[in-house]
Amino acid sequence: MADAVYWATSALIKVYALEADSTDYRQLLAGQSEAIALSYLHRVELYYGLAGKEQRGEIKSGSARVLFALFERHLGEDRYFEIPWGLDVVEQSHHVLDLNRASAPPVALRTLNGLHLGALKSARISKLVSADRRMKEAAVNVGIQCVEP
């Protein structure tokens, strides 16, 4: 699926919960001509992220479930392409880590970011939207173009 852009959870959460730069990310998403790709990890990370925002008082009480339900509805409406998971994602995540460990300077890649990048690589997607600086550094090291809002 070469004609797609992978949205990391760090960017996607800005679409569902208001943050200082949410407008920029929402505009980017609305103007995206390519398919929006996600992985199965989004179902967990977005839920946890929204719940954390609610617990910290960043969004209204009860909002996390409502916002996550909206995300699930968008998944059901095929607004997003969800990359299927298999051993290929694991193998690609190992490759991503190895390349980043060997880079100069090495990028200390977190497990979930490595799995996201593994999913992206297994689906042959070459563009990423992320708000995570370290994930973007790791992506560039493996030939992925980072799209900024």
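In this text, all values refer to a predicted model and were calculated from it rather than measured experimentally. (Residues numbered from 1 in each chain as written. Predicted model: local features only at pLDDT ≥ 70, side-chain atom pairs only at ≥ 80, totals over all residues. Heavy atoms only, no water.)

**Re helix 6 (residues 111-122)**
Given a rise of 1.5 Å per residue, twelve residues ought to cover 16 Å, and the 16 Å separating the end C-alpha atoms of helix 6 matches this to within 8%. Summarising burial for helix 6: nine of the twelve residues are buried, a large majority. For helix 6, the complete set of buried residues consists of Asn113, Gly114, Leu115, His116, Leu117, Gly118, Ala119, Leu120 and Ser122. One or two steps after helix 6, the chain reaches Arg124, where phi turns positive at roughly 60 degrees. (Helix = DSSP H or I, 4+ residues; strand = E, 2+ residues; numbered from the N terminus. Expected span 1.5 Å × (residues − 1). Buried < 20%, exposed > 50% of the residue type's maximum accessible area, 1.4 Å probe, protein only.)

**Concerning the sheet that holds strand 3 (residues 81-83)**
Within the open sheet, the five strands sit side by side as 3-2-1-4-5. Their pairing is parallel. Across the chains shown, the open sheet's two edge strands, defined by having one partner strand only, are strand 3 and strand 5 (145-146). Taken together, the two bridges between strand 4 (residues 127-129) and strand 5 define a ladder with parallel strand orientation. Across the sheet, Leu128 pairs through a bridge with Cys146, a residue of strand 5. Contacting strand 1 (4-7), strand 2 (35-39) and strand 4, helix 1 (residues 9-16) crosses the sheet at an angle of about 85 degrees to strand 1. Of the strands in this sheet, strand 1, strand 2 and strand 4 are in contact with helix 2 (residues 22-30), which crosses strand 1 at around 155 degrees. (Pairing = 2+ DSSP bridges. Contact = heavy atoms within 4.5 Å. Axes fitted to C-alpha atoms, helices over the stretch in contact; angles between N-to-C directions.)

**Some words on the environment of Leu97**
One can find Leu97 in helix 5 (residues 87-102). Overall, the relative accessible area of 33% leaves Leu97 in the partly exposed class. Considered as a pair, Leu97 and Asp21 are 76 residues apart in the sequence and their alpha carbons are 29 Å apart.

**Points about the pattern of salt bridges**
Where charged atoms of side chains with opposite charge meet at close range, the side chains can pair. Applying the stated criterion across every chain, the model contains twelve salt bridges. When the shortest N-O distance is used, the salt bridge between Glu58 and Arg56 registers 2.7 Å. By relative accessible area, Glu58 is classed as partly exposed at 43%. Arg56 gets classed as exposed once you look at its relative accessible area, which sits at 55%. The salt bridge partner of Asp132 is Arg110, with a shortest N-O separation of 2.3 Å. Taken together, the residues Asp132 in the loop between strand 4 and helix 7 (133-141) and Arg110 in the loop between helix 5 and helix 6 connect sequence positions 22 residues apart. Connected through shared salt-bridge partners, Lys14, Glu19, Asp21, Lys53, Arg56 and Glu58 make up one network. (Salt bridge = Lys/Arg side-chain N within 4 Å of Asp/Glu carboxyl O.)

**Let's talk about the nonpolar core**
Membership of the largest hydrophobic core comes to 24 residues, with the highest contact counts inside it found for Trp7, Phe71 and Tyr80. At the level of elements, strand 1, helix 1, helix 2, strand 2, helix 3 (41-55) and helix 4 (63-76) are the ones that each hand at least two residues to this core. In this view, Tyr80 contacts Leu12, Tyr16, Leu29, Ile36, Leu38, Phe71, His74 and Leu75; residues no more than four positions away in its chain are not counted. Counting residues in each nonpolar core, the second largest holds 20 residues, with Ala4, Ile83, Ala119 and Ile144 among its members. (Core = buried A, V, L, I, M, F, W, Y, C linked by side-chain atoms within 4.5 Å.)

**Digging into the side chain of Asn100**
Checked against the element boundaries, Asn100 lands in helix 5. Of note is the side chain of Asn100, whose polar atom sits 2.9 Å from the backbone oxygen of Val96. Among all residues touching Asn100, those that are not within four sequence positions of it are Pro106, Val107, Leu109, Glu137, Ala138, Asn141 and Val142. (Polar contact = N/O pair within 3.5 Å; in protein donor to acceptor, adjacent residues only side chain to side chain.)

**Here's the deal with the packing of helix 5 against helix 6**
Across the interface, helix 5 lies against helix 6 with an axial gap of 7 Å and an inter-helix angle of 115 degrees. Considering their axes alone, helix 5 and helix 6 lie roughly perpendicular with respect to each other. As helix 5 packs across helix 6, the resulting crossing turns out to be right-handed. Contact residues: helix 5 offers Asp88, Val89, Gln92, Ser93 and Val96, while helix 6 offers Gly114, Leu115, Leu117, Gly118, Ala119, Lys121 and Ser122. Of the residues contributing to the contact of helix 5 with helix 6, the split by class is five nonpolar, five polar and two charged. (Parallel < 35°, antiparallel > 145°, perpendicular 65-115°, else oblique. Left-handed = near helix turned anticlockwise from the far one by under 90°. Nonpolar A, V, L, I, M, F, W, Y, C, P; charged D, E, K, R; others polar.)

Functional significance is not addressed by these values, which are geometric in nature.
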